[in-house]
Amino acid sequence: MTSGADAASLFALYHDRLVRYFSRATGEREVARDLTQEVFLRVSRTALPAAQGNQLAGWLFKIARNVALDHHRQRRRRPEADLAVAPEQAADGGQQMAAALAQALAALNGLDRDVFLLREVSGLSREEIAIACDLTPDAVRSRIHRARLELRALLASPIEMARRQPIGPVRPPKPRL
Amino acid sequence: MTTDYDVVSDFLDGEPFDAAALDQALADPDGRRLLIDSVVLRHAVQADDTITASERPAARRHRSLLWVAAAALVALAGGYQLGYYRQEGRASLSPPSASRVVTVDWQPASDEGAR
């Protein structure tokens, strides 16, 4: 089992990134916090992998993907109305983009969506994403690019509107060590 | 030669990229547009505006209010019934009627015996 000190370090390093990932994957911030807790519960019941660095983040987010999949399966068994705000119901441009983005993400292939979110929202490197998703780094590269092209096509109008506003701040990718 | 400009993704993700390929991509208006659109997309997906349960559409808020109203009615009705039964119970706890009466012939004491 993971020691308390190791679990605390993991929590400090990855909690926010996990919450962001689940927030985008589920569209619900409260659910995201619950699922993040579930990840750390599962971590506490298993032993940390011996390797560190890239492998640790990949291992952690592999657990996160499994938690998200379990959550998705439970939601399918109990069909509930979509909680996302439809773009036409959104109050302002920002909310319109958020609503349209949620719909566009839902339209993506599941693995493409995960790869994209792990890159853009959780800031994982391609090597880390490859471990989390059981892919090769080249396959991760292709899927990220494909997801960007598809989202760009689905969100052409909101992106065009957003281009007229100041953009930023945007979190840059992690520097390669 | 690909016109998908995946080198733009390499550049955006901080990965090793082919400088000549990026130069070629950015020389093309489509390539430049892809870079800007990808940055806009990154900004949108990183924005902290995930829909929360408190931001449900009006239709679902209305249904939630109906449930709250129904729960309040049930609580009121239940409270009324509980109060009614308690009152009935309290009536049964009133003291029993007297079974024996004792008469005392009380006379005020005189001043001589006051000290």
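Residues numbered from 1 in each chain as written. Chains lettered and ligands numbered in written order. Predicted model: local features only at pLDDT ≥ 70, side-chain atom pairs only at ≥ 80, totals over all residues. Heavy atoms only, no water.

A. Examining the overall build of chain A more closely. Each helix and strand counted, chain A has eight helices and zero strands in total. Within chain A, the proportion of its 177 residues that are buried is 41%. A separation threshold of at least 6 residues defines the contact pool for chain A, and within that pool the share at least 24 residues apart is 69%. Looking at chain A as shown, the accessible area adds up to about 9,200 Å², and 53% of this sits on carbon and sulfur atoms. (Helix = DSSP H or I, 4+ residues; strand = E, 2+ residues; numbered from the N terminus. Buried < 20%, exposed > 50% of the residue type's maximum accessible area, 1.4 Å probe, protein only. Contact = heavy atoms within 4.5 Å. Areas by Shrake-Rupley, 256 points an atom, 1.4 Å probe, with all protein chains shown as cover.)

B. Molecular detail of the overall build of chain B. Broken down by element type, chain B carries four helices and zero strands. Sequence-ordered secondary structure for chain B, helices as α and strands as β, is α-α-α-α. Across the 115 residues that make up chain B, the buried fraction comes to 22%. Taking all contacts inside chain B whose residues are at least 6 apart in sequence as the whole, residues at least 24 apart take part in 33%.

C. Structural detail: the nonpolar core. Judged by nonpolar contacts, the single largest core of 47 residues is most densely connected at L18(A), F22(A), V39(A) and F61(A). For this core, the secondary-structure elements that each account for two or more residues are α1 (4–26), α2 (29–44), α3 (54–77), α4 (93–107), α5 (110–120), α6 (126–133) and α7 (137–154) of chain A together with α3 (29–46) of chain B. Per-element tally for this core: the top contributor is α3(A), with nine residues. Not counting residues within four places of it along the chain, the set of residues in contact with F22(A) comprises G27(A), A32(A), L35(A), T36(A), V39(A), A64(A), V67(A) and A68(A). (Core = buried A, V, L, I, M, F, W, Y, C linked by side-chain atoms within 4.5 Å.)

D. Spatial organisation of the pattern of salt bridges. Scanning the model with the defined rule gives 20 salt bridges over all chains in all. Put simply, D10(B) and R141(A) hold a salt bridge, and the shortest N to O gap is 2.8 Å. With D10(B) in helix α1 (residues 6–12) and R141(A) in helix α7, the pair connects residues from two separate chains. Using a relative accessible area of 6% as the deciding quantity, one classes D10(B) as buried. Since its relative accessible area comes to 26%, R141(A) is described here as partly exposed. When salt bridges with common partners are traced through the structure, they connect R119(A), E120(A), R126(A), R141(A), R148(A), D6(B), D10(B), D13(B) and R42(B) into a single cluster. (Salt bridge = Lys/Arg side-chain N within 4 Å of Asp/Glu carboxyl O.)

E. Representation of α2(A). With 16 residues, α2(A) ought to run about 22 Å at 1.5 Å a step, and its terminal C-alpha atoms sit 23 Å apart, in line with that. Those residues of α2(A) that fall on the buried side of the exposure criterion are V31(A), A32(A), L35(A), T36(A), V39(A), F40(A) and V43(A). (Expected span 1.5 Å × (residues − 1).)

F. Summary view of the packing of α6(A) against α7(A). Residue and element names in this part refer to chain A. Packing of α6 against α7 leaves a shortest axis separation of 8 Å and a crossing angle of 100 degrees. When the axes of α6 and α7 are compared, the pair comes out roughly perpendicular. In this structure, α6 contributes R126, I129 and A130 to the contact, and α7 contributes P137, V140, R141 and I144. Across the contact of α6 with α7, the residue classes tally to five nonpolar, no polar and two charged. (Axes fitted to C-alpha atoms, helices over the stretch in contact; angles between N-to-C directions. Parallel < 35°, antiparallel > 145°, perpendicular 65-115°, else oblique. Nonpolar A, V, L, I, M, F, W, Y, C, P; charged D, E, K, R; others polar.)

G. Examining unusual backbone geometry more closely. The backbone of D134(A) sits at a positive phi, close to 55 degrees, despite the residue not being glycine. For D134(A), the position within the fold is in the loop between α6 and α7. For D134(A), a relative accessible area of 59% corresponds to the exposed category. We note that Y5(B) has phi near 55 degrees; this positive angle belongs to a residue other than glycine. Structurally, the position occupied by Y5(B) is in the segment before α1.

H. Quick look at the side chain of R126(A). Residue placement: R126(A) occurs in helix α6. According to the relative accessible area criterion, R126(A) is buried, its value standing at 5%. Within the local environment of R126(A), its side chain forms a polar contact with the side chain of D10(B), the two groups lying 2.9 Å apart. Excluding anything up to four places from it in sequence, R126(A) contacts V140(A), R141(A), I144(A), S9(B), D10(B), D13(B) and E15(B). (Polar contact = N/O pair within 3.5 Å; in protein donor to acceptor, adjacent residues only side chain to side chain.)

I. Main features of the environment of Y5(B). With relative accessibility at 12%, the residue Y5(B) sits in the buried group. For the pair formed by Y5(B) and G31(B), sequence separation is 26 residues and the distance between their alpha carbons is 6.5 Å. Setting aside residues no more than four positions away along its own chain, Y5(B) makes contact with H145(A), A25(B), D28(B), D30(B), G31(B) and L34(B). Within the structure, Y5(B) has its side chain in polar contact with the side chain of D28(B) (distance 2.5 Å).

J. Structural context of the environment of A19(B). Residue and element names in this part refer to chain B. Tracing the backbone through its elements, the reader meets A19 in helix α2 (residues 19–27). With a relative accessible area of 51%, A19 lands in the exposed category. Distance in space between the C-alpha atoms of A19 and V7 is 8.6 Å, their sequence separation being 12 residues.

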